[in-house]
Amino acid sequence: MMIGLTHYLILSGILFIIGLVGVMRRKNLLMLFFSTEILLNAVNIGFVAVSKYYGDLSGQMFAFFIIAVAASEVAVGLGLLVLWYKRTGSTDLDSLQMMKG
Amino acid sequence: MEKYLYITLFAPLLGSLIAALFAAQKKMLFTGIITSILIGISFLSSVILLNYIDGDTILHVKMMDWISAGNIDIPFGFVVDQVSVIMMVTVTLVSTVVHVYSIGYMEHDKSFNRFFSYLSAFVFSMLILVMSDNFAGLFIGWEGVGLCSWLLIGFWYHKHSASWAANEAFIMNRIADLGMLMGLFLIYWKVGSLQYDIVFANIVNLDVTTLTWIGVFLFIGAMGKSAQFPLHTWLADAMEGPTPVSALIHAATMVTAGVYLVIRAGEIYALIPEVGYVIASLGAFVAVFAASMALVNRDLKRIIAYSTLSQLGYMFVAAGLGAYWIALFHLMTHAFFKSLLFLGAGNVMHAMNDELDIKKMGGLYDSMKATAILMTLASIALAGIYPFAGFFSKDKILEVAFNHEAYLLWFALFIGAALTAFYSFRLVMLVFFGEKVHKKLGFHPHEVQPFVIYALTPLALLAIVAGFFEHSFHAFVTDLLKDYEFTLDHSIALILIFATSAVALSGIGFAVYKYSRGGFSESWEKKGIYKLLINQYYIPKFYELTIQKPLYNLSKFAWQKIDLKIVDATVDMIARVLYGTGDTARKIQSGNLSSMLRWMVAGVAILLVLAIFIRPMV
Amino acid sequence: MYEVIAFYTFAILTILMFSIVVLSKNALYAMSALAGGMIFIAGFFFLLDAEFLGVVQIIVYTGAIMALYAFGMMFFDTTREVKEKIHAKKVIYTLAILSAICFVVILSAPIYSANLEALYPTIEGVGNIQMIGLVLFTKYLVPFELAAIMLLVAMISGILLVSDRMDLNITLNDDDEEREII
C-alpha cells in the first residue's frame, strides 16, 4: 500500500476540521489562537503534499509564506490579547461585544 | 452667391435667437422689428438667388459633415434649385408680411418677444426643409416645423383648448412622421444614400414593390404635415393659435411641406403612377370633403382652415397626377391669397375683440374698408376668377385631371370649385355685408393700424397678378421638374375653363344673392346634412370614441392594474423581502466573535456542499 | 513500507494532539499538545521531502511561536481551568461533520488536474534546500522581501502593543504629566 496524495489531503482536511471545531468551540481568545494555528498547519500539509506529488515547488513556497504570516499574526494577536487582558482582566470571547450593530 | 444662400437661411435663425434672449421679458418693440428686418433680408437675398438661378446654374453647397459614422455619411448640404428657390421666395415673402403684421397684431400680448422668437424659428425650420439637399436635412426641417408649430399653436398655453390643439397637431404629425421615417429608412436601405441626386439617379433600379412602399410611406408623412384625410383634424383645431401663426402655417410653411415633399420626390412618384393616382384621388376627396365642411361652419378662421385643406387637396391632385409644376404653382399662388385671407381675418378678429362667429358680424365693411377690400380680393382669388391668381393655377389642375381622363376626379374638383366660391363669399357676405349684427351685440369694430394694411398690400398685389407669371414660372420650374404634357384639345380646354369659371361665378352669385337676403332659414340647421357638416362628419367624435377613449382606458388599465398592481407591487415586494430578511438577519450581528465564527464556518460548509454539487465543466 | 507506518503514526499522533488542543480545558496542556502537533507536522514535511520546510516548521513554530505563546501565557493565570460556556454544541458538531464529509468526498474524488503544469519543477539530484533557495531568491524574491517587512512590522507592533509606555518618546523629554491626562 502506497501513501498517495489523497491520503495527505484527507489528513489535511481532518486536521482542518479539528481546527474548525476549535474555532467554533473555544471561547477563550488564547485557545482560539491555537485553533487558528491548527487551521494554518492543516493547510500547510496540503500544500506540501501537492508540491511533492506534482513535483512543483510552489506549494512549498506557499507553506513557507503561510508560516511567515502565522508568525506575524501571533505577534500582533498576542500583543492585542495582552492589551485586552490588561484592560478587562478577561480573555473571554463573550466579553468582546463591541461590534454589536 | 453662396453668401446669399447662407443669409437667406440664417437670418431668420439669428432673428429668432435675438428675440429668444428677451423671451421672458416684457414686450420690446425692437424684437419684432429686428426679426422682421432679418426676415426681410432673407427675402431679399432669396430674390437675388431667384434671379441668379436659371436653367443651367443652380447653387449647391455643402456646409459641413453632419453624420459620418461607418457607412452613413450625411452632410449638411443645401441646394438652391428652381423648386427650392420658388419655395424660399414664397416662404420668406409671406413670412415677412406675417412678421410685420404680427407687430401690430400682437401689440398687446405680454409674450411679444417670445412670439417673434418662435415665429422666426418656424421660418428657419421651413427654410431648412426646402433648402436641404438630402432627405435627412429635410427631415430635420420637417421636425423643426413640427416643433415650432407646437410652440406656436400652443402659444397661449394657459388656454386649455390651445394646449390641446397644439398637442393634437404634434401627435398627428408624429404619427405621420413615423411613416416618413420608414420611407427614409427604406430609401437608405435600398439606395444607400439620402442625397436627392444620388437617390433619384438610382431609384430606377429598384423594383416596383419597394418603390411603392417608399412612395406610400413618404406620402403618409406628407399626409400628416399637409393635413390630408384621415389626419386632417389637427389643422382646423390649430386655429387656436394666434392668427398670424395660422396664416404662416396655412400659407407658406408647414402644410405646404407635404406638397413640397411630393414634388421633391416626384421622380419616385413618376415611376409609380398608381400611388400617384391614389394620392390624386385622396386629394380630390379632401378637396370636396373639406369644402363641404367649410360650407356651414360659423367660425371665421375654421372656414379658412377648411379652405386650406381643400386647396391642399387640389395641390395633391396635381402632384399625384404628375403635374408637379402646376402643384408648385398652385402652392405659390395659394400662399399669397391664403395668407392674405388669414391676416384679414386677424384684422376682423381684432376689431371684434376675438369674436370668431361670423353670424355675429355683418356689415363690417363700413368700419373696416381696407380689410374688407383685401379679403374680398383674396376670396375672389381663392374662388378662381379671372384674372386673379387662383384662376390660373386652379384651372390648370382641373385641366390636368381632365387630361388624365380621370373624369371622376375632375368632377370632384369641379364641385369643389363651386363650393369654394360659395363658402368664400358666404364668409365675405356674412362678415362685411348684410345686417349689422355686431351692433346689437355691442361690438365697436375699428380698422387696424395703417402699417398693417400696408404690409398686406404686396400680398394683395400678388394675389391679383401672380397668375400672369404662369408661363415664365412654367419655363423656370420645368428645368428641374418633369414637364406635364397636355394632350387636351385647345377647344376642350377652353370649354373647361369657361365651365369652371361659370360654376365659380355661379357659386359666388348664389352666395351673394342668398346672403344679401338674410341667408338660409333657421330650419336648415335642423337637417341631418347640416348636422353632419357642422360636426365635421363626426370624424373628431369618431376619433375620440375609437382611438382616444380606448387608448385612455387602456392607459388607465395599464396604470392602475398593470403598473400599480403588478410592476409596482413586484418592486415593493422585492424591497419588502429584502427589508424583512435584513430585519431577521440583523440578529446575527450580535457582535459576538464566537457566533460570527460559527456563521463563518457555516458559510464554509455551504460552499463545500456547493463545491460538491456544482462542478465546473472540464 | 516504513513510509506507510510513519504516515499513519504521525497522522494518528497529530490528530490526537490537535484534538487535545481543541478539547482540553487546561491552557497549559493545550499549548503543549499544540507544540507536539507542530513537531509531528514537521515529520510530515520530512516525509514529503521538504526538509527545509520541516526544519523551519520546528524552528519557527515550536521554537518561536510556541515560545511567544508561553510568554504570553505568563500574563494569565494558567493553572486555573479555562472556563468556557459552550452553547449549541450540536451546531458545532453538525457543521464540523458536514464539512468533514464534504472534504472527504471532494478530496477522494478523482482529481481532474492531470494536466497541471509544474511552474517550478523540482530537479533530480538537486537538494531541496538548494532548490528552495533558487526559487525563493529568484521568482519569489519580492514576496519574500514583503514577508520580511511584514514580520518586521508585526514585531514592532507586538512590542508596541504589549509594552507599557512605548508611545512616549524618551529622547524628547515629554512632559509626563501631560501624557497622564491623556
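About the thresholds
Residues numbered from 1 in each chain as written. Chains lettered and ligands numbered in written order. Predicted model: local features only at pLDDT ≥ 70, side-chain atom pairs only at ≥ 80, totals over all residues. Helix = DSSP H or I, 4+ residues; strand = E, 2+ residues; numbered from the N terminus. Buried ≥ 20, exposed ≤ 12 C-beta atoms within 10 Å, placed from the backbone. Contact = placed C-beta atoms within 7 Å. Axes fitted to C-alpha atoms, helices over the stretch in contact; angles between N-to-C directions. Parallel < 35°, antiparallel > 145°, perpendicular 65-115°, else oblique. Left-handed = near helix turned anticlockwise from the far one by under 90°. Nonpolar A, V, L, I, M, F, W, Y, C, P; charged D, E, K, R; others polar. Core = buried A, V, L, I, M, F, W, Y, C linked by C-beta atoms within 7 Å. Pairing = 2+ DSSP bridges. Expected span 1.5 Å × (residues − 1). pLDDT = per-residue confidence, 0-100. Arc of directions from axis to C-beta.

S.K.: How do you make sense of the overall build of chain A when you look at a structure like this?
M.R.: Looking only at helices and strands, chain A features 3 helices and 0 strands. The N-to-C order of helical and strand elements in chain A reads α-α-α. A buried classification covers 57% of the 101 residues belonging to chain A. Counting only contacts in chain A whose residues sit at least 6 apart along the sequence, the fraction spanning at least 24 positions is 52%.

S.K.: Teacher, can you tell me more about the overall build of chain C here?
M.R.: For chain C, the helix and strand inventory stands at 7 helices and 0 strands. Scanning chain C from its N terminus toward the C terminus, one meets helices and strands in the order α-α-α-α-α-α-α. Relative to its 182 residues, chain C shows a buried fraction of 25%. Sequence separation of 24 or more characterises 47% of the internal contacts of chain C that already satisfy a separation of 6 or more.

S.K.: Which parts of the structure should I look at to understand the environment of Ser292(B)?
M.R.: All names here are of chain B. Mapped onto the elements, serine 292 comes out in helix H13 (residues 273–296). In this structure, the C-alpha to C-alpha distance between serine 292 and leucine 532, residues 240 residues apart in sequence, is 10.0 Å. Excluding residues within four positions of it along the chain, serine 292 makes contact with Leu419 and Leu533.

S.K.: Help me understand the packing of helix H3 (residues 58–88) of chain A against helix H6 (residues 141–162) of chain C, please; the structure alone is not making it clear to me.
M.R.: A pair of packed helices can be characterised by two numbers: the angle between their axes and the separation between those axes. Where H3(A) meets H6(C), the closest approach of the two axes is 8 Å, and the angle between their N-to-C directions is 15°. Between H3(A) and H6(C), the angle is such that the two are roughly parallel. For the pair H3(A) and H6(C), the sense of crossing is left-handed. Residues Phe65(A), Ala68(A), Ala71(A), Ser72(A), Ala75(A), Val76(A), Leu78(A), Gly79(A), Leu80(A), Val82(A) and Leu83(A) of H3(A) form the contact with H6(C), whose own contacting residues are Pro143(C), Ala147(C), Met150(C), Leu151(C), Ala154(C), Met155(C), Ser157(C), Gly158(C), Leu161(C) and Val162(C). Broken down by class, the residue content of the contact of H3(A) with H6(C) amounts to 17 nonpolar, 4 polar and no charged.

S.K.: Is there a simple way to think about the interface of chain A and chain C in this case?
M.R.: Many authors give the size of an interface as the accessible area that is lost as the parts come together. Facing the 57 residues of chain A at the interface are 65 residues of chain C. Secondary structure elements with two or more residues in the side of chain A that touches chain C: helix H1 (5–25), helix H2 (29–54) and H3 of chain A. The dominant element in the side of chain A that touches chain C, judged by the number of residues it contributes, is H3(A), at 21 residues. Split into classes, the residues belonging to the side of chain A that touches chain C amount to 38 nonpolar, 13 polar and 6 charged.

S.K.: Would you mind showing me how to read the interface of chain B and chain A here?
M.R.: Each partner contributes to the interface: chain B provides 9 residues, whereas chain A provides 12 residues. Class assignment of the residues belonging to the side of chain B that touches chain A gives a composition of 3 nonpolar, 5 polar and 1 charged.

S.K.: Where do I start with the nonpolar core in this structure?
M.R.: Nonpolar side chains in soluble globular proteins tend to end up buried together. Judged by nonpolar contacts, the single largest core of 206 residues is most densely connected at Val317(B), Leu413(B) and Ala463(B). Leave out the neighbours within four places in its chain, and Ala463(B) touches Phe336(B), Phe337(B), Leu340(B), Leu377(B), Ala378(B), Ala381(B), Phe388(B) and Ala389(B). Core analysis: the second largest hydrophobic core is formed by 75 residues, Leu78(A), Ala50(C), Met66(C) and Val135(C) among them.

S.K.: How should I be thinking about the pairing of strand S2 (residues 72–80) of chain B in this particular structure?
M.R.: Every regular strand shows the same layout, with side chains that alternate between the two sheet faces. Summarising the sheet, strand S1 (residues 59–69) of chain B and S2(B) pair through 9 bridges and their orientation is antiparallel. When the bridges of S2(B) are listed, Ala69(B) appears paired with Ile72(B).

S.K.: Just checking my understanding: could you explain the packing of helix H14 (residues 300–320) of chain B against helix H18 (residues 407–432) of chain B for this structure?
M.R.: Residues and elements named next belong to chain B. Following both chains from N to C, one finds H14 and H18 inclined at 160°, their axes separated by 11 Å at the closest point. On the basis of the axis angle, H14 is roughly antiparallel to H18. In this structure, H14 meets H18 at a crossing whose hand is left-handed. Taking contact as the criterion, the partners of Leu300, Ile303, Ser307, Ser310, Tyr314 and Val317 in H14 are, on H18, Leu409, Leu413, Gly416, Thr420, Tyr423, Ser424, Leu427 and Val431. Split into classes, the residues belonging to the contact of H14 with H18 amount to 9 nonpolar, 5 polar and no charged.

S.K.: Whenever I open this one, helix H5 (residues 135–153) of chain B confuses me. Can you help?
M.R.: An α-helix turns once every 3.6 residues. As a result, residues three or four positions apart point the same way. Helix length check: H5(B) (19 residues) gives 26 Å between terminal C-alpha atoms against 27 Å at 1.5 Å per residue, within 8%. For H5(B), the tally of buried residues reaches 15 of 19 residues, placing the bulk of the element in the interior.

S.K.: In this structure, what is going on with the environment of Glu405(B)? I would like to understand it.
M.R.: Inspection of the secondary structure puts Glu405(B) in the loop between helix H17 (389–403) and H18. Through-space distance from the C-alpha of Glu405(B) to that of Leu488(B) is 9.8 Å; in sequence the pair is 83 residues apart.

S.K.: Before we go on, may I ask you to explain the confidence of the model for chain C in this structure?
M.R.: Any region with low pLDDT has predicted coordinates that should not be read closely. Residues and elements named next belong to chain C. A residue-level look at chain C finds 76% of positions with pLDDT of 70 or above and a mean pLDDT of 79. Ranking the elements of chain C by mean pLDDT puts helix H7 (residues 176–181) last with 50 and helix H1 (residues 2–23) first with 90. Overall fold confidence (pTM) sits at 0.67, and the ipTM for the predicted complex is 0.88.

S.K.: Explanation requested: unusual backbone geometry in the structure shown.
M.R.: The phi torsion of most residues other than glycine is negative, and most of the peptide bonds are trans. For Ala227(B), which is not glycine, the phi torsion reads 55° and is therefore positive. For Ala227(B), the position within the fold is in the loop between helix H8 (208–225) and helix H9 (233–237). Since 30 C-beta atoms lie within 10 Å of it, Ala227(B) is described here as buried. Backbone geometry places Asp49(C), a non-glycine residue, at a positive phi of 60°. Secondary-structure assignment places Asp49(C) in the loop between helix H2 (27–47) and helix H3 (51–73).

S.K.: Looking at this structure, how should I read helix H4 (residues 89–108) of chain C?
M.R.: Look at H4(C): 28 Å from first C-alpha to last across 20 residues, which is about the 28 Å you get at 1.5 Å a residue. For H4(C), the complete set of buried residues consists of Leu95(C), Ala96(C), Ser99(C), Ala100(C), Cys102(C) and Phe103(C). One side of H4(C) holds all its buried residues, which, seen down the axis, span an arc of 165°. Buried residues along H4(C) sit against H1 of chain A together with helix H25 (593–613) of chain B.

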